[in-house]
Amino acid sequence: MTEILLPDAGSPKSRQRVADQKLPVAVIGSGFSGTIAAIQLARRLPADQPILLCERGVGFSLGVAYSTPVAGHLLNVRAANMSAFAADPGHFEAWLAEAADPAAIEAHRTDAGVFASRATYGRYLKSILYDAVCADERPSQLRLLPDEIVDCRRSGAGFELISAGGRRYPAAAIVLATGHVPPAPSPDPRYVTNPWRPEAIEGLDRRSPVLVLGTGLTMVDIALSLRQKGFKGPIIAMSRRGALAQAHRPSSPWALPDFTATERGSVRLLMRRLRAEVRAAQAQGVDWRAVVDSIRPITAALWRDWPDAERRRFLRHARRWWDIHRHRMAPPNAAAIDAMLADGSLQLLAGRITGIGFEADTVRVAYQSPSGGEKELEVQRVIAATGLESAGRTRDTLMERLLEEGLVRLDPLGFGIEVAETLEVVGEDGQPVPNFWALGPIVRGMFWECIAVPDIRQQAEQLARRAVSALTQPG
Ligand SMILES: Cc1cc2nc3c(=O)[nH]c(=O)nc-3n(C[C@H](O)[C@H](O)[C@H](O)COP(=O)(O)OP(=O)(O)OC[C@H]3O[C@@H](n4cnc5c(N)ncnc54)[C@H](O)[C@@H]3O)c2cc1C
């Protein structure tokens, strides 16, 4: 017998005892990716197939994105596109409309759609997980394990997981959903590498400047959190071009352009064609956002088809433009940021850091401005907000063990791990490892656009279908 506690303890249903019959499918990580993958597996696998959802953090289902308690940290995707289930696109909107506790819901109706807070979305995910675990009177096949998995090995025809406390869990199959790779800690606390930890903005002098590296959505989060905490000193946000993430606006749809094979294969030609499409759209009174959104259905395929050299070209020349146009701010956040820019509490700066010196009472930051001049800033803290960390650059215990065991290998650019189009993990010998799948940001090196809910929910369904045929149709 295995005893697992549901994190929101209290209800008698939240304490489960489940007899182990078959070896479980173990899902490692319970952010959005792991949670939805586990629910999809539970919907499709036979009722006697246990599923074990493992999470090392403070709560299940939230992950990095939806654990923020800050009101005003809004989703950067419209509620209409945030259903956890691709087959039921209105699910999140219906949940918002029928929420049991409307006072706990934060959702802003704008002319570009409804934007809920990330904390509200976290409640939604918790409620879906609760329903999946507790809906029936009989014990659920989905069990929650609040523990860190630090090792995973092959064992017989399956696997064995080892937790931080040294407990061993046999498993028939693995789903790796470890998500965003935490950045390596910095040797000086005045240089913050993980902007999503609460201490990133704790203990600041309220009036002396803070430098944020990056001018995208993470910077927006930091600026709004600092403002809410009553921070008065200037927030200086720096990136190569000093270009702010764009905001959502209402726009009518634009058809997917009929790219030629040559355009699809070349970042340069693709960008040229996109600019031409934007001009054509604007001539018809259609906003550029519609053109950017039109290619979303094929972005993963474009990325997969490009050779490494073309992917690197995209990262060098087009990524910054793509990021600020594709990942957009909710209109209320854009209005708050505009107000901060207008009153000077937020300043945007274009520049490239050339050196950082930590002195007893200040941090000196040297940078090169676009005109070529060397300049210097004095700030109390530097917060890195430059995007997701790459698995190839940090030291995560489980990832290191998986690499040592040869169960995974890094993708060619080192963003995460390599998977086949079917989401089967590719081992060090270049072959898919049977009954081992991965999804979400950890596989972004293979698909690029697979880090947001609309993409991950599709991966979860696809993965669950694969798992069903692998586990229920021997051979
Ligand atoms: C700040 C922020 C805001 C975002 N906003 C949006 C948005 O508005 N809309 C949208 O569509 N997308 C948004 N995203 C994109 C986001 O990537 C996805 O929506 C989704 O949350 C990714 O979830 P995940 O589970 O893959 O990763 P994560 O959220 O990183 O979750 C991974 C989980 O795995 C756990 N874990 C890791 N290793 C282990 C281990 N060894 N053992 C046990 N547990 C482990 C971690 O503790 C964590 O809880 C946002 C991302 C960020 C960072």
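Details of the structure are given in the entry above.
A quick note: this is a predicted structure, and the numbers were derived from the prediction, not measured.

A. The arrangement of the sheet that holds strand S9 (residues 158-163) in detail. Reading across from one edge, S8-S9-S10 is the order of the three strands in this open sheet, with antiparallel pairing throughout. Two strands bound the open sheet, and with one partner strand each, they are strand S8 (149-155) and strand S10 (168-171). If you compare each strand with its neighbour and ignore which way they point, the axes differ by 25 degrees on average. Sheet analysis places S8 next to S9, joined by six bridges and oriented antiparallel. Opposite Arg154, over in S9, you have Phe159 as the bridge partner.

B. A look at the environment of Arg444. Relative to the assigned elements, Arg444 resides in helix H12 (residues 444-447). When its relative accessible area of 5% is taken as the criterion, Arg444 is described as buried. C-alpha of Arg444 to C-alpha of Ala112: the two residues are 332 residues apart in sequence and 28 Å apart in space. Those residues in contact with Arg444 that lie beyond four places of it in its chain are Trp303, Leu388, Glu389, Ser390, Phe415, Cys450 and Ile451.

C. Structural context of the site of the ligand. Of all residues adjacent to the ligand, which total 35 residues, the nearest are Ser33, Glu55, Tyr66, Asn76 and Ile451. Note that an oxygen atom of the ligand is positioned 2.5 Å from one of the side-chain N or O atoms of Ser33. In this structure, an oxygen atom belonging to the ligand sits 2.7 Å away from a side-chain N or O atom of Tyr66. Starting from 990 Å² of accessible surface for the ligand in isolation, the protein chains cover 93%. When residues of the shell around the ligand are traced back to their parent elements, those giving at least two are helix H1 (32-44) and helix H13 (453-472). If one sorts the elements of the shell around the ligand by residue count, H13 sits on top with three residues. Among the residues forming the shell around the ligand, the class breakdown is 19 nonpolar, 10 polar and six charged.

D. Representation of the packing of aromatic side chains within the structure. One pass over the full model with this rule turns up 15 aromatic pairs. Ring centres 5.2 Å apart and planes at 45 degrees place the aromatic pair Tyr121 and Tyr124 in the tilted group. Linking Tyr121 with Tyr124, this pair stays in helix H3 (residues 118-134), spanning three residues, or about one helical turn. Residues Tyr121 and Tyr124 agree in their burial class; the two are buried. Look at Trp303 and Phe314: their rings are 6.0 Å apart centre to centre, the planes differ by 80 degrees, and that puts the pair in the edge-to-face class. With Trp303 in helix H8 (residues 296-305) and Phe314 in helix H9 (residues 308-326), the pair connects residues that are 11 residues apart, well separated along the chain. An aromatic cluster is defined as three or more aromatic residues linked by ring pairs; in this entry it consists of Phe32, Tyr66, Phe92, Trp95, Tyr121 and Tyr124.

E. Examining the packing of H1 against H3 more closely. Between H1 and H3, the shortest axis-to-axis distance is 10 Å and the interhelical angle comes to 30 degrees. What the angle tells us is that H1 and H3 run roughly parallel. Note on packing geometry: the crossing formed by H1 with H3 is left-handed. Residue-level inspection shows Phe32, Thr35, Ile36 and Ile39 of H1 in contact with H3, the latter providing Tyr121, Leu125, Ile128, Leu129 and Ala132.

Rules of the game
Residues numbered from 1 in each chain as written. Predicted model: local features only at pLDDT ≥ 70, side-chain atom pairs only at ≥ 80, totals over all residues. Heavy atoms only, no water. Pairing = 2+ DSSP bridges. Helix = DSSP H or I, 4+ residues; strand = E, 2+ residues; numbered from the N terminus. Axes fitted to C-alpha atoms, helices over the stretch in contact; angles between N-to-C directions. Buried < 20%, exposed > 50% of the residue type's maximum accessible area, 1.4 Å probe, protein only. Contact = heavy atoms within 4.5 Å. Near = heavy atom within 4 Å. Polar contact = N/O pair within 3.5 Å; in protein donor to acceptor, adjacent residues only side chain to side chain. Areas by Shrake-Rupley, 256 points an atom, 1.4 Å probe, with all protein chains shown as cover. Nonpolar A, V, L, I, M, F, W, Y, C, P; charged D, E, K, R; others polar. Phe/Tyr/Trp six-rings, centres within 6.5 Å; stacked < 30°, edge-to-face > 60°. Parallel < 35°, antiparallel > 145°, perpendicular 65-115°, else oblique. Left-handed = near helix turned anticlockwise from the far one by under 90°.

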